Amino acid sequence: MEFKGRVVSIVRRKGSAIKMMNDKKRQEVYKILITPIRCTSYSNGKPIITMANSVIETTQTYWPQYLDKDTGKRFRYSFNPDCDMSDFACGFYEIVYKDILDGINLIDDDGNLTNQNFAGDTMNSFNYIANITPGAGKSTKQRTDQREWPEYLKQYYKEYHCLANFWILPMEIGRKVNNKWCKGSYDNKVQDYMDRFLKLLKDNFSEYKTLYRNYFSNINCIEGFTEVHFLFGSYLYGNLDIFGLSNNNCDGEVIINKIQDRIKLRATMISKSYYAEQLWNYFNELHLFE
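Read on for an overview of the structure. On a predicted model such as this, the values are computed, not experimentally measured, just so you know.

Comments concerning the pattern of salt bridges
Okay, so step 1: Inspection of the entire model under this criterion finds ten salt bridges.
Okay, so step 2: Arg-175 serves as the salt-bridge partner of Asp-82, at 2.4 Å between the closest nitrogen and oxygen. Of this pair, Asp-82 sits in the loop between strand 5 (74–75) and helix 4 (87–96) while Arg-175 sits in the loop between helix 8 (171–174) and helix 9 (194–203), placing them 93 residues apart in sequence.
Okay, so step 3: The class of Arg-175 is partly exposed, set by a relative accessible area of 27%.

In C-alpha coordinates, the structure reads:
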(Lines give C-alpha, C1' and ligand atoms only; values in the text may rest on other atoms or scores of the structure.)
Protein backbone atom coordinates (compact mmCIF):
# COMPACT_ATOMS: atom_id res chain seq x y z
CA MET A 1 0.00 0.00 0.00
CA GLU A 2 2.86 2.40 0.69
CA PHE A 3 4.14 1.94 -2.84
CA LYS A 4 0.73 2.80 -4.32
CA GLY A 5 0.62 5.94 -2.23
CA ARG A 6 4.03 6.95 -3.52
CA VAL A 7 2.90 6.55 -7.13
CA VAL A 8 -0.15 8.71 -6.54
CA SER A 9 2.01 11.49 -5.10
CA ILE A 10 4.20 11.49 -8.20
CA VAL A 11 1.25 11.39 -10.57
CA ARG A 12 -0.48 14.31 -8.88
CA ARG A 13 2.63 16.45 -9.17
CA LYS A 14 2.86 15.83 -12.92
CA GLY A 15 -0.76 14.89 -13.51
CA SER A 16 -1.64 17.28 -16.34
CA ALA A 17 1.06 15.93 -18.63
CA ILE A 18 0.44 12.29 -17.77
CA LYS A 19 -3.21 12.46 -18.87
CA MET A 20 -2.10 13.33 -22.41
CA MET A 21 -0.95 9.75 -22.99
CA ASN A 22 -3.40 7.03 -23.94
CA ASP A 23 -2.90 3.34 -23.20
CA LYS A 24 -1.82 2.50 -26.74
CA LYS A 25 0.96 5.10 -26.68
CA ARG A 26 2.06 3.99 -23.22
CA GLN A 27 2.37 0.42 -24.41
CA GLU A 28 4.37 1.54 -27.43
CA VAL A 29 6.75 3.49 -25.19
CA TYR A 30 7.07 0.54 -22.83
CA LYS A 31 7.93 -1.79 -25.71
CA ILE A 32 10.73 0.48 -26.98
CA LEU A 33 12.12 0.87 -23.47
CA ILE A 34 12.73 -2.89 -23.22
CA THR A 35 13.80 -3.40 -26.85
CA PRO A 36 17.44 -4.55 -27.16
CA ILE A 37 19.94 -1.96 -28.43
CA ARG A 38 23.00 -2.59 -30.56
CA CYS A 39 25.64 0.09 -31.03
CA THR A 40 26.91 -0.12 -34.60
CA SER A 41 29.66 2.42 -35.25
CA TYR A 42 31.00 5.93 -34.72
CA SER A 43 28.51 8.51 -35.96
CA ASN A 44 31.11 10.81 -37.56
CA GLY A 45 28.70 13.68 -37.00
CA LYS A 46 25.75 11.89 -38.60
CA PRO A 47 23.80 9.86 -36.01
CA ILE A 48 21.77 6.98 -37.43
CA ILE A 49 19.12 5.18 -35.35
CA THR A 50 16.93 2.48 -36.89
CA MET A 51 14.88 -0.59 -36.00
CA ALA A 52 16.18 -3.80 -37.56
CA ASN A 53 14.78 -7.25 -36.75
CA SER A 54 13.32 -6.05 -33.43
CA VAL A 55 16.67 -4.55 -32.35
CA ILE A 56 17.39 -0.82 -32.20
CA GLU A 57 20.62 -0.13 -34.05
CA THR A 58 22.34 3.13 -33.20
CA THR A 59 25.55 4.97 -33.87
CA GLN A 60 27.62 6.60 -31.14
CA THR A 61 29.02 10.14 -31.07
CA TYR A 62 30.73 9.67 -27.70
CA TRP A 63 34.44 9.06 -28.34
CA PRO A 64 36.46 10.91 -25.69
CA GLN A 65 39.77 12.62 -26.33
CA TYR A 66 42.75 12.50 -23.99
CA LEU A 67 45.83 14.67 -23.64
CA ASP A 68 49.19 13.02 -24.27
CA LYS A 69 51.43 14.09 -21.39
CA ASP A 70 54.58 13.87 -23.50
CA THR A 71 53.47 15.55 -26.72
CA GLY A 72 50.65 17.75 -25.45
CA LYS A 73 48.50 16.53 -28.32
CA ARG A 74 45.03 15.09 -28.04
CA PHE A 75 44.40 11.47 -28.95
CA ARG A 76 41.71 8.80 -28.81
CA TYR A 77 41.88 5.13 -27.98
CA SER A 78 40.43 2.65 -30.46
CA PHE A 79 36.70 3.19 -30.84
CA ASN A 80 34.78 0.93 -28.48
CA PRO A 81 31.00 1.15 -28.96
CA ASP A 82 29.02 1.33 -25.74
CA CYS A 83 25.24 1.06 -25.86
CA ASP A 84 24.64 3.12 -22.73
CA MET A 85 26.52 6.05 -24.34
CA SER A 86 25.06 5.57 -27.82
CA ASP A 87 23.23 8.33 -29.68
CA PHE A 88 19.89 6.70 -28.95
CA ALA A 89 20.62 6.43 -25.22
CA CYS A 90 21.82 10.05 -25.02
CA GLY A 91 18.57 11.22 -26.58
CA PHE A 92 16.69 9.26 -23.92
CA TYR A 93 18.76 10.76 -21.09
CA GLU A 94 18.24 14.29 -22.32
CA ILE A 95 14.49 13.77 -22.07
CA VAL A 96 14.00 11.91 -18.79
CA TYR A 97 16.88 13.64 -16.96
CA LYS A 98 16.44 17.14 -18.28
CA ASP A 99 15.65 18.48 -14.79
CA ILE A 100 19.02 17.46 -13.36
CA LEU A 101 20.93 18.11 -16.59
CA ASP A 102 19.63 21.67 -16.46
CA GLY A 103 19.66 22.13 -20.22
CA ILE A 104 23.11 20.76 -21.06
CA ASN A 105 23.76 18.10 -23.70
CA LEU A 106 25.64 15.02 -22.51
CA ILE A 107 28.16 15.07 -25.37
CA ASP A 108 30.04 18.08 -26.78
CA ASP A 109 30.97 18.67 -30.42
CA ASP A 110 34.27 16.80 -29.99
CA GLY A 111 32.67 13.63 -28.63
CA ASN A 112 33.58 14.23 -24.99
CA LEU A 113 31.33 14.30 -21.96
CA THR A 114 30.14 17.86 -21.41
CA ASN A 115 30.21 17.26 -17.67
CA GLN A 116 31.94 14.33 -15.95
CA ASN A 117 29.12 14.28 -13.40
CA PHE A 118 26.64 13.06 -16.00
CA ALA A 119 27.50 9.87 -17.87
CA GLY A 120 25.41 7.00 -19.17
CA ASP A 121 25.65 3.73 -17.29
CA THR A 122 24.10 0.26 -17.45
CA MET A 123 22.23 -0.47 -14.23
CA ASN A 124 22.49 -4.26 -14.37
CA SER A 125 25.58 -5.31 -16.27
CA PHE A 126 26.56 -8.63 -17.81
CA ASN A 127 30.07 -9.64 -16.83
CA TYR A 128 29.61 -9.97 -13.08
CA ILE A 129 26.81 -12.49 -13.67
CA ALA A 130 28.66 -14.30 -16.44
CA ASN A 131 31.64 -14.66 -14.10
CA ILE A 132 29.60 -16.77 -11.67
CA THR A 133 27.88 -18.81 -14.37
CA PRO A 134 29.29 -22.31 -14.86
CA GLY A 135 30.76 -22.73 -18.33
CA ALA A 136 30.96 -19.01 -19.14
CA GLY A 137 34.44 -18.31 -17.78
CA LYS A 138 35.36 -16.69 -14.47
CA SER A 139 36.48 -13.38 -15.98
CA THR A 140 36.17 -11.36 -19.18
CA LYS A 141 39.58 -12.65 -20.27
CA GLN A 142 38.43 -16.24 -19.73
CA ARG A 143 35.01 -15.75 -21.33
CA THR A 144 34.03 -18.83 -23.32
CA ASP A 145 32.23 -19.08 -26.64
CA GLN A 146 28.52 -18.27 -26.40
CA ARG A 147 27.68 -21.80 -27.49
CA GLU A 148 28.95 -22.99 -24.11
CA TRP A 149 26.69 -20.68 -22.12
CA PRO A 150 23.38 -21.78 -20.59
CA GLU A 151 20.30 -20.50 -22.42
CA TYR A 152 19.33 -18.04 -19.69
CA LEU A 153 22.72 -16.28 -19.97
CA LYS A 154 22.51 -16.13 -23.76
CA GLN A 155 19.06 -14.55 -23.53
CA TYR A 156 20.17 -12.03 -20.93
CA TYR A 157 23.16 -11.06 -23.08
CA LYS A 158 20.83 -10.33 -26.00
CA GLU A 159 18.40 -8.24 -23.96
CA TYR A 160 20.15 -6.41 -21.12
CA HIS A 161 21.20 -3.42 -23.24
CA CYS A 162 17.94 -1.46 -23.33
CA LEU A 163 16.80 2.00 -22.21
CA ALA A 164 14.96 0.65 -19.17
CA ASN A 165 18.32 -0.66 -17.93
CA PHE A 166 20.18 2.65 -18.45
CA TRP A 167 20.60 5.70 -16.21
CA ILE A 168 23.08 8.53 -15.71
CA LEU A 169 25.58 8.78 -12.86
CA PRO A 170 28.82 10.67 -12.25
CA MET A 171 31.61 9.09 -14.30
CA GLU A 172 33.48 8.08 -11.13
CA ILE A 173 30.47 6.17 -9.79
CA GLY A 174 29.13 4.42 -12.86
CA ARG A 175 32.02 3.96 -15.29
CA LYS A 176 35.05 3.52 -13.04
CA VAL A 177 36.06 0.94 -10.44
CA ASN A 178 38.87 2.76 -8.66
CA ASN A 179 37.10 4.11 -5.58
CA LYS A 180 35.00 2.67 -2.77
CA TRP A 181 31.92 4.70 -3.73
CA CYS A 182 31.59 3.42 -7.29
CA LYS A 183 28.98 0.95 -8.48
CA GLY A 184 31.60 -1.62 -9.41
CA SER A 185 33.50 -1.34 -6.12
CA TYR A 186 35.04 -4.49 -4.69
CA ASP A 187 36.10 -2.62 -1.53
CA ASN A 188 32.48 -2.48 -0.38
CA LYS A 189 31.57 -5.75 -2.14
CA VAL A 190 29.10 -3.91 -4.36
CA GLN A 191 30.45 -5.60 -7.51
CA ASP A 192 27.91 -3.92 -9.83
CA TYR A 193 24.86 -5.36 -8.05
CA MET A 194 22.07 -2.78 -8.01
CA ASP A 195 20.75 -3.73 -4.58
CA ARG A 196 24.21 -3.48 -2.99
CA PHE A 197 24.91 -0.13 -4.63
CA LEU A 198 21.57 1.32 -3.58
CA LYS A 199 22.22 0.22 0.01
CA LEU A 200 25.67 1.83 -0.09
CA LEU A 201 24.15 5.04 -1.46
CA LYS A 202 21.28 5.04 1.01
CA ASP A 203 23.58 4.49 4.01
CA ASN A 204 26.06 7.16 2.87
CA PHE A 205 23.87 9.66 1.05
CA SER A 206 25.38 12.73 2.72
CA GLU A 207 28.86 11.56 1.70
CA TYR A 208 27.79 11.19 -1.92
CA LYS A 209 26.25 14.66 -1.87
CA THR A 210 29.54 16.09 -0.61
CA LEU A 211 31.69 14.21 -3.12
CA TYR A 212 29.46 14.81 -6.16
CA ARG A 213 27.86 18.17 -5.45
CA ASN A 214 27.07 19.00 -9.06
CA TYR A 215 25.19 15.76 -9.70
CA PHE A 216 23.24 15.93 -6.44
CA SER A 217 22.54 19.67 -6.57
CA ASN A 218 18.93 18.96 -7.60
CA ILE A 219 18.62 15.69 -5.65
CA ASN A 220 18.29 16.46 -1.96
CA CYS A 221 17.52 13.06 -0.46
CA ILE A 222 17.35 9.35 -1.21
CA GLU A 223 13.64 9.71 -1.99
CA GLY A 224 14.51 12.29 -4.61
CA PHE A 225 17.13 9.97 -6.09
CA THR A 226 14.65 7.14 -6.41
CA GLU A 227 12.05 9.38 -8.04
CA VAL A 228 14.55 10.86 -10.51
CA HIS A 229 15.58 7.37 -11.59
CA PHE A 230 12.11 5.72 -11.52
CA LEU A 231 13.19 3.22 -8.88
CA PHE A 232 10.03 3.09 -6.78
CA GLY A 233 8.20 -0.15 -7.46
CA SER A 234 11.14 -1.63 -9.33
CA TYR A 235 14.25 -1.49 -7.13
CA LEU A 236 12.79 0.02 -3.97
CA TYR A 237 9.51 -0.37 -2.17
CA GLY A 238 7.50 2.65 -1.07
CA ASN A 239 9.07 2.53 2.41
CA LEU A 240 12.56 2.67 0.80
CA ASP A 241 13.34 -0.98 1.50
CA ILE A 242 15.56 -2.28 -1.29
CA PHE A 243 14.51 -5.22 -3.42
CA GLY A 244 17.11 -7.99 -3.09
CA LEU A 245 18.81 -9.05 -6.33
CA SER A 246 22.15 -10.54 -5.31
CA ASN A 247 22.42 -13.73 -3.31
CA ASN A 248 25.08 -15.63 -1.43
CA ASN A 249 24.46 -18.76 -3.48
CA CYS A 250 25.74 -16.99 -6.62
CA ASP A 251 22.85 -18.47 -8.59
CA GLY A 252 23.05 -16.61 -11.90
CA GLU A 253 19.74 -17.84 -13.26
CA VAL A 254 17.83 -16.65 -10.18
CA ILE A 255 19.57 -13.26 -10.30
CA ILE A 256 18.87 -12.84 -14.01
CA ASN A 257 15.17 -13.64 -13.56
CA LYS A 258 14.94 -10.97 -10.86
CA ILE A 259 16.81 -8.45 -12.99
CA GLN A 260 14.56 -9.02 -15.98
CA ASP A 261 11.54 -8.36 -13.78
CA ARG A 262 13.13 -5.14 -12.42
CA ILE A 263 13.88 -3.88 -15.92
CA LYS A 264 10.27 -4.42 -17.00
CA LEU A 265 8.91 -2.77 -13.87
CA ARG A 266 11.12 0.28 -14.40
CA ALA A 267 9.96 0.45 -18.02
CA THR A 268 6.40 0.52 -16.72
CA MET A 269 7.21 3.37 -14.34
CA ILE A 270 8.86 5.40 -17.11
CA SER A 271 5.95 4.77 -19.50
CA LYS A 272 3.59 6.18 -16.85
CA SER A 273 5.77 9.18 -16.06
CA TYR A 274 5.65 12.85 -16.95
CA TYR A 275 8.18 12.18 -19.73
CA ALA A 276 6.22 9.47 -21.55
CA GLU A 277 4.70 11.80 -24.16
CA GLN A 278 8.08 13.29 -25.03
CA LEU A 279 9.55 9.80 -25.29
CA TRP A 280 6.74 8.73 -27.60
CA ASN A 281 7.47 11.72 -29.84
CA TYR A 282 11.20 10.92 -29.81
CA PHE A 283 10.62 7.29 -30.77
CA ASN A 284 8.02 8.24 -33.37
CA GLU A 285 10.33 10.75 -35.06
CA LEU A 286 12.88 7.96 -35.38
CA HIS A 287 10.23 5.66 -36.94
CA LEU A 288 10.86 2.96 -34.33
CA PHE A 289 7.28 1.80 -33.97
CA GLU A 290 6.80 -1.38 -35.97
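Overview of the packing of helix 4 against helix 13 (residues 276–285)
Okay, so step 1: Running from N to C, helix 4 and helix 13 point in directions that differ by 155 degrees, and their axes come no closer than 10 Å. In this view, helix 4 runs roughly antiparallel relative to helix 13, as classed from their interaxial angle. Handedness of the helix 4/helix 13 crossing: right-handed. Each of Asp-87, Phe-88, Gly-91, Phe-92, Ile-95 and Val-96 in helix 4 lies in contact with helix 13, whose residues at this interface are Gln-278, Leu-279, Tyr-282 and Phe-283.
Okay, so step 2: Partitioning the contact of helix 4 with helix 13 into residue classes produces seven nonpolar, two polar and one charged.

Describing the sheet that holds strand 1 (residues 37–42)
Okay, so step 1: Strand order in the open sheet formed by three strands is 1-3-2, and the pairing between neighbours is mixed. Unpaired on one side and paired on the other, strand 1 and strand 2 (49–52) mark the two borders of the sheet. Adjacent strand axes in the sheet meet at a mean angle of 30 degrees, parallel and antiparallel pairs treated alike.
Okay, so step 2: Alignment of strand 1 against strand 3 (residues 55–60), held across four bridges, turns out to be parallel. For Arg-38, the partnering residue across the bridge sits in strand 3 and is Glu-57.
Okay, so step 3: This element, helix 4, spans strand 1, strand 2 and strand 3 of the sheet and lies at about 90 degrees to strand 3.

Some details on the environment of Leu-169
Okay, so step 1: By the secondary structure assignment, Leu-169 is in strand 7 (residues 166–169).
Okay, so step 2: Classification of Leu-169 as buried rests on a relative accessible area of 1%.
Okay, so step 3: On a C-alpha basis, the gap between Leu-169 and Gln-116 in space is 9.0 Å, while along the polypeptide they are 53 residues apart.
Okay, so step 4: With near-sequence residues (within four places) excluded, Leu-169 lies in contact with Asn-117, Phe-118, Ala-119, Asp-121, Gly-174, Lys-183, Tyr-215 and Phe-225.

Some remarks on helix 12 (residues 252–271)
Okay, so step 1: Here helix 12 spans 28 Å end to end across 20 residues, near enough to the 28 Å set by a 1.5 Å rise per residue.
Okay, so step 2: With a side-chain oxygen positioned 3.2 Å from the backbone nitrogen of Glu-253, the residue opening helix 12 is Asp-251.

Cut-offs used in this document
- Residues numbered from 1 in each chain as written.
- Predicted model: local features only at pLDDT ≥ 70, side-chain atom pairs only at ≥ 80, totals over all residues.
- Heavy atoms only, no water.
- Salt bridge = Lys/Arg side-chain N within 4 Å of Asp/Glu carboxyl O.
- Helix = DSSP H or I, 4+ residues; strand = E, 2+ residues; numbered from the N terminus.
- Buried < 20%, exposed > 50% of the residue type's maximum accessible area, 1.4 Å probe, protein only.
- Axes fitted to C-alpha atoms, helices over the stretch in contact; angles between N-to-C directions.
- Parallel < 35°, antiparallel > 145°, perpendicular 65-115°, else oblique.
- Left-handed = near helix turned anticlockwise from the far one by under 90°.
- Contact = heavy atoms within 4.5 Å.
- Nonpolar A, V, L, I, M, F, W, Y, C, P; charged D, E, K, R; others polar.
- Pairing = 2+ DSSP bridges.
- Expected span 1.5 Å × (residues − 1).
- Polar contact = N/O pair within 3.5 Å; in protein donor to acceptor, adjacent residues only side chain to side chain.

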